[in-house]
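Analysis of the macromolecular model
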Amino acid sequence: MIQLRQRIAQLLTTERPGDDSGDTTSTGTISQVPRAGRDLLQIRDVRSRYGRIQVLHGLSINVGEGELVALVGANGAGKTTLLRCISGVQPASAGTIMFENQAITSARPAARVRLGICHSPEGRQVFGPMSIEDNLIMGAYTRPTKDIAPGLNEIYDLFPILREKRALPAGTLSGGQQQMLALGRALMGRPKLLLLDEPSMGLAPLIVEEIFRIIRGLKQRGMTVLLVEQNARAALSIADYAYVLETGKVMLEGRGSELLANDDVRRAYLGM
Ligand code: ATP
C-alpha cells in the first residue's frame, strides 16, 4: 500500500512551499479538464494546529461558484479541521482564506455567516431539548426577523417531516431526521457556501441515499457545497471536483468522476 502511494505521489505530485514545521505539501492533479466558473472560496497554504500539534500542513483548495466539491481521505486527515477553519471556529495559524475575493482568514465566525458561509457540523449538533422549529430559527440568527417565516417555509417544503414534527424536541428525531434538521438549520442562514461535514455518518443505507439525493437537489438549485465524507464512493459520485487529503495535506485532486474511476486512487486512498 505504501509503495503504491509513493508511486502515485511520484507520478502525480508537484512540490509546493513547506510549512513552519519543515513539511512540504505535495499535490497531484489528475484532471485534464479546466474548472468552470469563478472561484467563491480560495484557500492558500492554510495551516492549523491544536495546541502544539499541527494538523493542517499548508493546504490549498478552490471552490467555484455552483460547484459541489468533496474532501475525502482517511480518519484524522484534517477534513473537519479544514471546514472549521473556513467557518472560523478553528483558527488558521498561517495561510489565507478568501471568500468572494475578500480575505476572511481572521474574521469572526458570525461575520462569515453574514457573508454566506454556513456550516452543518460533524455529529449534527442539534439542540436536543429545544423544539425543531427553534433549532431552525437558531440558524437564522444573522437574518432579519421578517425573513424567518419564509425561511422556515422553504425548509419545511424541503423536509416535510420537520414541518410535521416542528413543535417536538429535536432530541426525539431519528438520526436521519436530525441530519435533515442540521442541514435545514444551516440553510436557514441562506448560504452562498454550504459546509457539510459527514452528513451520512451513522445512518442506514436507505437514509444515506435520501441524504445524498437532497444534496444533489441543492446542487441542482445552484448551491455551492463543500462536502466532507467518509463515504468516498458516494461523495465522489456526486462531486464536480474533489481533493484527497492525507495527514493534513492535499495528496491528489481531480474531477470526482476521474478520481472514482482511477484504480490506483481507489486502492490507495479510498479503500475500494
Ligand atoms: P475524521 O473523519 O476522523 O473526523 P478528519 O479528516 O475530519 O477525520 P480531523 O477531525 O480534522 O480529521 O482531525 C485531524 C487531526 O486533528 C486528527 O489527528 C485529530 O485527532 C486531531 N484533532 C481533531 N480535533 C482535535 C482537538 N479538538 N484537539 C486535539 N486534536 C484534535
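The text that follows walks through the structure, step by step, so that each part is easy to find. A quick note: this is a predicted structure, and the numbers were derived from the prediction, not measured.

Quick look at the site of the ligand
Neighbouring the ligand are 13 residues, the closest being Gly76, Lys79, Thr80, Thr81 and Gln230. In the environment of the ligand, an oxygen atom lies 3.4 Å from a nitrogen or oxygen atom belonging to the side chain of Asn75. The contact in question runs from an oxygen atom of the ligand to an N or O atom on the side chain of Glu198, over 3.4 Å. When residues in the shell around the ligand are grouped by element, the largest group, 3 residues, is from helix H2 (residues 79-87). Here the shell around the ligand is composed, by residue class, of 4 nonpolar, 6 polar and 3 charged.

Quick word on the pattern of salt bridges
Under the criterion given, the structure shown has 10 salt bridges. Here Arg166 ties to Glu133 by a salt bridge, and the two come within 3.9 Å at their closest N and O atoms. In this pair, Arg166 is assigned in the loop between helix H6 (160-164) and helix H7 (175-187) and Glu133 in helix H4 (residues 132-138), connecting sequence segments 33 residues apart. Taking the relative accessible area as the measure of exposure, Arg166 reaches 39% and is therefore partly exposed. Residue Glu133 is classed as partly exposed on the basis of its relative accessible area, which comes to 24%. By sharing partners, the salt bridges in this structure join Arg38, Glu65, Glu100 and Lys192 into a single network.

Overview of the packing of aromatic side chains
Evaluation of the coordinates by the stated rule reveals 1 aromatic pair. For the ring pair Tyr241 and Tyr243, a centre distance of 5.4 Å and an interplane angle of 65° mean the geometry is edge-to-face. Judged by relative accessible area, which is 2%, Tyr243 ranks as buried. Directly above the aromatic system of Tyr156 lies the positively charged group of Arg166, at a separation of 6.0 Å from the ring centroid.

Details of the pairing of strand E10 (residues 224-228)
Of all 5 residues in E10, 5 are buried; the element is thus mostly enclosed. Looking at chain direction, strand E5 (residues 68-73) and E10 are connected through 4 bridges and run parallel. Counted as the bridge partner of Leu68 is Val225 from E10. Chirality of the crossover, the property in question, places the unit of strand E9 (residues 193-197), helix H8 (residues 205-220) and E10 among those that are right-handed.

Some remarks on the nonpolar core
Counting 49 residues, the largest nonpolar core has Leu162, Leu181, Leu183, Leu194, Ile215, Leu227 and Leu259 as the members making the most contacts within it. Contacts of Leu227, omitting those with residues within four sequence positions, involve Leu68, Val69, Ala70, Leu71, Leu196, Pro199, Phe212, Ile215, Ala235 and Ile238. One finds Val46, Ala77, Leu226 and Tyr243 within the second-largest nonpolar core, a separate group that totals 29 residues.

With respect to unusual backbone geometry
In this model, Asn101 sits at a positive phi of 65°, which is unusual for a non-glycine residue. When you line up the elements, Asn101 lands in the loop between strand E6 (94-99) and strand E7 (102-103). Residue Asn101 is classed as exposed on the basis of its relative accessible area, which comes to 58%. Despite not being glycine, Thr247 shows a phi value in the positive range, around 40°. Along the polypeptide, Thr247 turns up in the loop between strand E11 (241-246) and strand E12 (249-255). On the basis of relative accessible area, Thr247 is assigned to the exposed category, the value being 55%.

Thresholds applied
- Residues numbered from 1 in each chain as written.
- Predicted model: local features only at pLDDT ≥ 70, side-chain atom pairs only at ≥ 80, totals over all residues.
- Heavy atoms only, no water.
- Near = heavy atom within 4 Å.
- Polar contact = N/O pair within 3.5 Å; in protein donor to acceptor, adjacent residues only side chain to side chain.
- Helix = DSSP H or I, 4+ residues; strand = E, 2+ residues; numbered from the N terminus.
- Nonpolar A, V, L, I, M, F, W, Y, C, P; charged D, E, K, R; others polar.
- Salt bridge = Lys/Arg side-chain N within 4 Å of Asp/Glu carboxyl O.
- Buried < 20%, exposed > 50% of the residue type's maximum accessible area, 1.4 Å probe, protein only.
- Phe/Tyr/Trp six-rings, centres within 6.5 Å; stacked < 30°, edge-to-face > 60°.
- Lys NZ or Arg CZ within 6 Å of the ring centre and 35° of its normal.
- Pairing = 2+ DSSP bridges.
- Right-handed = clockwise from strand over helix to strand, strands pointing away.
- Core = buried A, V, L, I, M, F, W, Y, C linked by side-chain atoms within 4.5 Å.
- Contact = heavy atoms within 4.5 Å.

Nothing here speaks to function; it is geometry throughout.
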